[in-house]
Amino acid sequence: MLPLRRFVLITVALTLAAVVALADAPVAPTPHAIGKPPTSPLVAVEPGEFPVILSAPHGGTKDVPGVSPRKGDGLPVGGSGFFAGRDGGTEELAHATAAAIAKKTGKKPYLVVAQFHRKFIDANRPPEIAYEDPKAKPTYDAYRSTLASYCRELKKRYGRGLLLDIHGQGRMKDTVIRGTKDGKTVALLVQRYGEKAHTGPNSFFGLLAAGGYKVYPEKLADKEYATLSGGDIVQTYGSGDYGIDAIQLEFGGDFRDAASRTATADKVAAAVAKFTELYLSDK
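Just so you know, these numbers come straight off a predicted model, no measurement behind them.

**Student:** Any chance you could break down the pattern of salt bridges for me, citing the residues and the numbers?
**Tutor:** Summed over all chains, the structure comprises 13 salt bridges. One salt bridge connects Arg144 with Asp232, and the closest N-O pair in it is separated by 2.9 Å. You can see Arg144 sitting in helix H4 (residues 137-158) and its partner Asp232 sitting in helix H8 (residues 232-237), a full 88 residues away along the chain. Owing to a relative accessible area of 8%, Arg144 belongs among the buried residues under this scheme. A cluster of three or more residues bridged by salt bridges with shared partners is formed by Asp87, Arg118, Asp122 and Arg125.

See the structure below:
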């Protein structure tokens with residue numbers, strides 16, 4: 001039997017060794033450290049099973065706690081500048097469209113939807129003009145980082161993909177306006193399948209038109225509406241380093257009210273299903 005003093009010394013030494021070993025052991029990274037985007041209670045997200053992402057940055061109604069509304073002092077106004085109005089009904093339309101796509105195809109699209117009001121944060125602008133209060137940055141980052149993460153996932157899993165950025169416009173209430181920067185944000189699609197994939201009858205807007213929707217440009221090869229031809233989201237993620245294509249959908253008021261949202265979602269889902277079969281599937 002060991003003398004008591006020696007026993008105590010050995011016990012202390014073993015305990016210290018264990019503590020040192022634990023200190024030196026590698027620490028598992030936090031989710032953010034390994035690439036998981038930050039989250040926010042003001043950004044609704046849903047991972048998908050399908051090479052399509054739905055984004056709706058301007059339909060939210062909620063305040064951002066502790067953040068004052070933006071003033072836009074010194075900023076230009078217009079399509080790429082300062083505007084604080086919301087696109088009414090687009091938050092609800094995005095959710096309805098996601099459900100319709102899941103029903104039509106049996107698979108869920110990826111979904112990123114702003115619940116915050118645009119007067120606090122404009123998620124369709126670069127960060128230097130998207131918000132004015134630094135306390136708004138985490139919410140903005142949650143939206144845009146999630147979009148970026150989903151785009152990378154589509155590229156990795158499917159080798160291609162489509163981001164549909166859902167907006168509302170008041171220029172033509174009975175029309176859906178296309179925004180691709182006149183084809184720049186779908187350049188990869190055109191490289192793979194030719195110009196017909198962008199402006200032909202089986203392009204995304206060609207499929208919407210075939211479903212009975214009035215679209216702009218009516219002649220799909222014509223120039224897009226100058227101030228609604230594609231914002232920061234589709235320009236950032238479409239046909240660049242992220243490896244997917246992106247289209248901005250500007251819905252007139254006739255498509256966004258409560259009475260018409262379900263029908264709108266069903267027709268968009270039908271176009272998504274056909275487009276995916278033609279251009280996003282190995283078949």
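And the narrative resumes.
**Student:** Residue-level account of the environment of Ala130, with values.
**Tutor:** Note that Ala130 resides in helix H3 (residues 127-130). What makes Ala130 buried here is its relative accessible area of 0%. Beyond its immediate chain neighbours, meaning those up to four positions away, Ala130 contacts Arg70, Phe120, Ile121, Asp122, Arg125 and Tyr140.

**Student:** Describe the nonpolar core, with residues and values.
**Tutor:** The biggest cluster of nonpolar side chains holds 38 residues, and the ones touching the most others in it are Leu164, Phe204, Phe205 and Leu208. Looking at this core, the elements that each hand over two or more residues are strand S2 (52-56), helix H2 (90-105), strand S3 (110-114), strand S4 (162-168), helix H7 (204-210), strand S7 (245-251) and helix H9 (261-279). At seven residues, the largest contribution of residues to this core is made by H9. Among all residues touching Leu164, those that are not within four sequence positions of it are Val52, Ile53, Leu54, Ser55, Phe204, Ile247, Leu249 and Val272. Counting residues in hydrophobic clusters, the runner-up holds 30 residues, among them Tyr110, Ala130, Tyr131 and Tyr150.

**Student:** Explain the side chain of Gln169 to me, using residue names and the numbers behind them.
**Tutor:** Here Gln169 shows up in the loop between S4 and strand S5 (175-179). A distance of 2.9 Å separates the side chain of Gln169 from the backbone oxygen of Thr175, its partner in a polar contact. If sequence neighbours within four positions are ignored, Gln169 has contacts with Thr175, Ile177, Leu228, Glu250, Phe251, Gly252, Gly253 and Arg256.

**Student:** Run through the environment of Tyr213, naming residues and quoting values.
**Tutor:** In this structure, Tyr213 sits in the loop between H7 and strand S6 (214-216). In this structure Tyr213 touches Val176, Leu208, Phe255, Ala263, Thr264 and Lys267, once residues within four positions along its chain are discounted.

**Student:** How would you sum up the pairing of S2? Please name residues and give values.
**Tutor:** Burial analysis of S2 places five of its five residues in the buried class, the great majority of the element. Sheet analysis places S2 next to S4, joined by four bridges and oriented parallel. The partner of Ser55 across the bridge, within S4, is Asp165. Two strands pair when backbone bridges link them, and S2 and S3 are joined in this way by four bridges, in the parallel orientation. Within S3, the residue paired with Ala56 across the bridge is Val113.

**Student:** Describe the layout of surface pockets, listing the residues and the values that go with them.
**Tutor:** Approximately 240 Å³ is the volume found for the second largest pocket. Residue lining of the second largest pocket: Glu49, Phe50, Pro51, Lys104, Thr105, Lys107, Tyr158, Ala273, Thr276, Glu277, Leu280 and Ser281, and that is the complete set. Those elements that place two or more of their residues in the lining of the second largest pocket are H2 and H9. Element by element, the count of residues in the lining of the second largest pocket is highest for H9, at three residues. Of the residues that constitute the lining of the second largest pocket, the class distribution is five nonpolar, three polar and four charged.

**Student:** Lay out H4 with the relevant residues and their values.
**Tutor:** An ideal rise of 1.5 Å per residue puts 32 Å on 22 residues; H4 measures up with 31 Å between its terminal C-alpha atoms. Along H4, the residues that are buried comprise Thr139, Tyr140, Ala142, Tyr143, Arg144, Thr146, Leu147, Ala148, Ser149, Tyr150, Cys151 and Leu154. One or two residues past the end of H4 sits Gly159, with phi positive at roughly 80°.

**Student:** So what's going on with the packing of aromatic side chains? Which residues, and what values?
**Tutor:** As enumerated under the stated definition, the model contains 11 aromatic pairs in all. Seen from their ring centres, Tyr216 and Tyr225 are 5.8 Å apart, and the 70° between their planes marks the pair as edge-to-face. Taking 6.2 Å as the distance between ring centres and 65° as the angle between the ring planes, the aromatic pair formed by Phe251 and Phe255 counts as edge-to-face. Both residues of the pair, Phe251 and Phe255, belong to the buried class. Connected via pairs of aromatic rings, a cluster forms that spans Tyr193, Phe204, Phe205, Phe275 and Tyr279.

**Student:** Which residues make up the packing of H2 against H9, and what are the values?
**Tutor:** Two elements in contact, H2 and H9, have axes separated by 8 Å at closest approach and are oriented at 50°. Judged on the interaxial angle alone, H9 and H2 are oblique. The two elements H2 and H9 cross, and the hand of that crossing is right-handed. Contacts from Glu92, Leu93, Ala96, Thr97, Ala100, Ile101, Lys104 and Thr105 of H2 reach H9 at Arg261, Thr264, Ala265, Asp266, Val268, Ala269, Ala270, Val272 and Ala273. Counted by class, the contact of H2 with H9 contains 10 nonpolar, three polar and four charged residues.

Reading guide: rules and limits
- What you see as residue numbers is a count from 1 along each chain, following the sequence as written.
- It should be noted that, the model being predicted, local features are given only for residues of pLDDT at least 70 and side-chain atom pairs only at 80 or more, the latter also being counted only at that level, while totals for whole chains, interfaces and linings use all residues.
- With hydrogens and water excluded, all non-hydrogen atoms of the structure serve as input to the side-chain values.
- One speaks of a salt bridge when a side-chain nitrogen belonging to Lys or Arg is within 4 Å of a carboxyl oxygen belonging to Asp or Glu.
- Helix and strand assignments come from DSSP, with helices taken as H or I runs of at least 4 residues and strands as E runs of at least 2, each series counted from the N terminus.
- Each residue is placed in one exposure class: buried if its accessible area under a 1.4 Å probe, protein chains only, is under 20% of its type's maximum, exposed if it is over 50%, and partly exposed if it falls in between.
- Two residues form a contact once any of their heavy atoms are found within 4.5 Å.
- Take the buried residues of types Ala, Val, Leu, Ile, Met, Phe, Trp, Tyr and Cys, join any two whose side-chain atoms come within 4.5 Å, and each joined set is a nonpolar core.
- Polar contact criterion, stated in full: a pair of N or O atoms within 3.5 Å, where within protein one must be able to donate a hydrogen and the other to accept it, and residues adjacent in sequence count only if both atoms are side-chain atoms.
- Here, strands pair whenever DSSP counts at least two bridges between them.
- Here the term cavity refers to a set of points on a 1 Å grid, laid over the protein atoms alone, in which a 1.4 Å probe fits but cannot get out; the term pocket refers to an open set having protein on both sides within 12 Å along at least five of seven lines, with lining residues being those that place an atom within 4 Å of a point.
- Grid points are joined across faces, edges and corners, and a volume is the space filled by probe spheres set on the points.
- As a working rule, the residues Ala, Val, Leu, Ile, Met, Phe, Trp, Tyr, Cys and Pro are called nonpolar, Asp, Glu, Lys and Arg charged, and the rest polar, with Gly in that last group.
- Residue count minus one, scaled by 1.5 Å, sets the expected span of a helix.
- For Phe, Tyr and Trp, where Trp contributes only its six-membered ring, two rings pair if their centres lie within 6.5 Å, and the inter-plane angle classes them as stacked under 30 degrees, edge-to-face over 60, or tilted in between.
- Here, axes are lines fitted to C-alpha atoms. For helices the fit covers the stretch in contact, and angles between N-to-C directions go from 0 to 180 degrees.
- Any angle that is under 35 degrees is reported as roughly parallel, and any over 145 degrees as roughly antiparallel; angles of 65 to 115 degrees are reported as roughly perpendicular and all others as oblique.
- The crossing is said to be left-handed when, going from far helix to near helix, the turn is anticlockwise and less than a right angle, and right-handed when the turn is clockwise.

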